[in-house]
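Here is what each chain is made of, one letter per residue.
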Amino acid sequence: MASTPEIRVSSDRHSWAATAAELVHSVGREALREKGQFFIALSGGATPALLYEALTSSVFAGRFDWSRSTFFFGDERCIPPDDSRSNYALANQALFIPLNIGPSQVCRMVGESRDQQAATADYAQQLRRATNTAAPAQPQLDLILLGLGEDGHTASLFPGSPILRDRENVIAVTQSPKGPPARLTMTLGVINRASVVLFLVVGASKAGVVSTILNPKIEADRQLPASLVAPDEGRLIWLLDPASAAGLSRDRVSMIVRED
Ligand code: 6PG
């Protein structure tokens, strides 16, 4: 049974980033307590840079032992890993290098592969191996970070895509209406298997789509990719800043009060 989303609104961008970092650490500590390792999938786009800056800051960098963590990606563009538009490139420069995260701890989607289907099969196998999950069961990650597009897409799951109905495969090849077009993406099958899914959303440009997804009016709203994210047994958390939460009524959200 899908859980009710936890909607948290920060007072400003700084508080948003600190809360995001604390949530990541909190889920990581729980995973380390429970099973001695932490599997986290990073989201794409530009928003994660705010989280990475907080996680590598003097306030947070020493608060969590990343040595037993493995990093995955919710999606990747089909471009070389050193291309500035690559989700891996941002994470590598802004998170892995500053935190001394070694290559053995990073499971990169090989978006640049000439055989994209083979790349999806290979990544699915790596996920299954890491989580000791045999098909047809879906790998279970501890935390999947997701961004939100203004059209309601998340990861590289775009409105109307046939892979929105795919609950069997773990990773799929898809086409994005926004460049770069070719993408590899986790499917809803593996996303909704996660212990915690955390949407990281900031900015006034997202206020409309946030309201549409969290206060759906018509069936089309409920069929948007981000609306279909509903962890089977895990927690669903939306972390918003005031601008992206502007369309929500106060009774739907819990305001974040920080002392720092
Ligand atoms: C991608 C992402 C995508 C992103 C949203 C939000 O590879 O583009 O996975 O889903 O998270 O488009 O992007 P911004 O954070 O840049 O607004």
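Going by the structure above, here's the rest.
If you're wondering where the values come from, they're calculated on a predicted model, not measured in any experiment. (Residues numbered from 1 in each chain as written. Predicted model: local features only at pLDDT ≥ 70, side-chain atom pairs only at ≥ 80, totals over all residues. Heavy atoms only, no water.)

## Thoughts on the overall build of the protein chain
Thought 1: When you go through the protein chain residue by residue, the secondary structure sums to seven helices and 10 strands.
Thought 2: Per-residue burial over the protein chain gives 54% buried out of 260 residues.
Thought 3: Long-range contacts, defined here as pairs at least 24 residues apart, represent 77% of the contacts in the protein chain between residues at least 6 apart.
Thought 4: Of the accessible surface of the protein chain, which amounts to about 11400 Å², a share of 51% is contributed by carbon and sulfur atoms.
Thought 5: Each charge sign in the protein chain was given a centre, from 25 positive and 27 negative side chains, and these centres are 1 Å apart. (Helix = DSSP H or I, 4+ residues; strand = E, 2+ residues; numbered from the N terminus. Buried < 20%, exposed > 50% of the residue type's maximum accessible area, 1.4 Å probe, protein only. Contact = heavy atoms within 4.5 Å. Areas by Shrake-Rupley, 256 points an atom, 1.4 Å probe, with all protein chains shown as cover. Lys, Arg positive; Asp, Glu negative; His and termini not counted. Charge placed at Lys NZ, Arg CZ, Asp CG, Glu CD.)

## What to know about the pattern of salt bridges
Thought 1: Under the counting rule described, the total for this entry stands at nine salt bridges.
Thought 2: As a salt-bridge pair, Lys35 and Asp142 come within 2.9 Å of each other at their nearest N and O atoms. Placement of the pair is Lys35 in helix 1 (residues 13-35) and Asp142 in the loop between helix 4 (116-131) and strand 5 (143-146), with a sequence separation of 107 residues.
Thought 3: Overlapping salt bridges bring together Glu6, Arg8 and Arg235 as one network. (Salt bridge = Lys/Arg side-chain N within 4 Å of Asp/Glu carboxyl O.)

## Quick word on the environment of Phe96
Thought 1: Checked against the element boundaries, Phe96 lands in helix 3 (residues 87-96).
Thought 2: Taking relative accessible area as the criterion, Phe96 reaches 1% and is therefore assigned buried.
Thought 3: For the pair Phe96 and Phe71, spaced 25 residues apart in sequence, the C-alpha separation works out to 9.4 Å.
Thought 4: Residues contacting Phe96, with those up to four places away along its chain left out, are Leu42, Phe71, Phe73, Tyr88, Ala91, Ile101 and Val106.

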